[in-house]
Amino acid sequence: MIRFVVGGAVDKQKVAQMIKEIGGDKVSVEIKSDIEAAMAVKNGKADYYVGACSTGGGGALAMAMAILTAQKCATISMPGKPPQEADVKKAVAEGKVAFGFTNDHIEKAVPYIVNAILKK
């Protein structure tokens, strides 16, 4: 079972619901504060951190970058720059464990992330 934790600044319930819908019984999903979510990944209690905010990096990934290091994080969308499936697959293949994106890209970002991880 792949363990996801949802942090970020906005739409945590929506992100968590989409992860569960896509992953089904192959995933578990918890919603936490940014700090708790990043610490869960650092301490091995979760495998992946996913978060949304207005910019894709700030509120979505700031704590994850501070706790997990920038090398483990990927901003996969920003305002005016929607997520690209190839970029997400590359980030997963490179071992990124925390993903941030803008709240207006949730419908594309979450499936790209979850499917890339499931196919890993």
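Residues numbered from 1 in each chain as written. Predicted model: local features only at pLDDT ≥ 70, side-chain atom pairs only at ≥ 80, totals over all residues. Heavy atoms only, no water.

Colleague: Residues and numbers for helix α4 (residues 85-93), please.
Modeller: Side chains that are three or four residues apart share a direction in an α-helix, a result of its 3.6 residues per turn. Regarding α4, the residues found buried are Val-88, Ala-91 and Val-92. For α4, the angular spread of the buried residues around the axis is 100°, confining them to a single face. In α4, the exposed positions that point more than 90 degrees away from the buried face belong to Ala-86, Lys-90 and Ala-93. Of the surrounding elements, those touching the buried residues of α4 are β4 (73-75), β5 (98-102) and α5 (106-118). Count one or two residues on from α4 and you reach Gly-95, which has phi positive near 90°. (Buried < 20%, exposed > 50% of the residue type's maximum accessible area, 1.4 Å probe, protein only. Helix = DSSP H or I, 4+ residues; strand = E, 2+ residues; numbered from the N terminus. Arc of directions from axis to C-beta. Contact = heavy atoms within 4.5 Å.)

Colleague: Residues and numbers for the pairing of strand β1 (residues 2-8), please.
Modeller: The buried count for β1 comes to six of seven residues, which makes it a mostly enclosed element. One ladder, built from five bridges, connects β1 with strand β2 (residues 27-31); its direction is parallel. Each residue of the ladder has a partner; that of Ile-2, found in β2, is Val-27. As for the winding sense of the linkage, the β-α-β connection from β1 through helix α1 (residues 12-23) to β2 is right-handed. (Pairing = 2+ DSSP bridges. Right-handed = clockwise from strand over helix to strand, strands pointing away.)

Colleague: With reference to specific residues and values, describe the pairing of β5.
Modeller: Burial runs high along β5: five of the five residues are buried. The alternating pattern of β5 places Ala-98, Gly-100 and Thr-102 and Phe-99 and Phe-101 on opposite faces, both of which are buried. One ladder, built from three bridges, connects β4 with β5; its direction is parallel. Bridge pairing in β5 links Cys-73 to Ala-98. Viewed along the sheet, the connection from β4 through α4 into β5 turns out right-handed.

Colleague: A description of the packing of α1 against α5 should follow, citing residues and the corresponding values.
Modeller: Orientation of α1 relative to α5, taken along the N-to-C sense of each, is 45°, at an axis distance of 10 Å. One finds that α1 runs oblique with respect to α5. The hand of the α1/α5 crossing is right-handed. Residues Lys-14, Val-15, Met-18, Ile-19, Ile-22 and Gly-23 of α1 form the contact with α5, whose own contacting residues are Ile-106, Glu-107, Val-110, Pro-111, Val-114, Asn-115 and Leu-118. (Axes fitted to C-alpha atoms, helices over the stretch in contact; angles between N-to-C directions. Parallel < 35°, antiparallel > 145°, perpendicular 65-115°, else oblique. Left-handed = near helix turned anticlockwise from the far one by under 90°.)

Colleague: Which residues make up the sheet that holds strand β3 (residues 48-53), and what are the values?
Modeller: Spatially, β2-β1-β3-β5-β4 is the arrangement adopted by the five strands of the open sheet, whose pairing is parallel. Edge positions in the open sheet fall to β2 and β4, since each of these has one partner strand only. Averaged over all pairs of adjacent strands, the angle between strand axes in this sheet comes to 20°, irrespective of strand direction. In this fold helix α3 (residues 58-68) packs onto β1, β3, β4 and β5, with an angle of close to 145° to the strand it touches most, β3.

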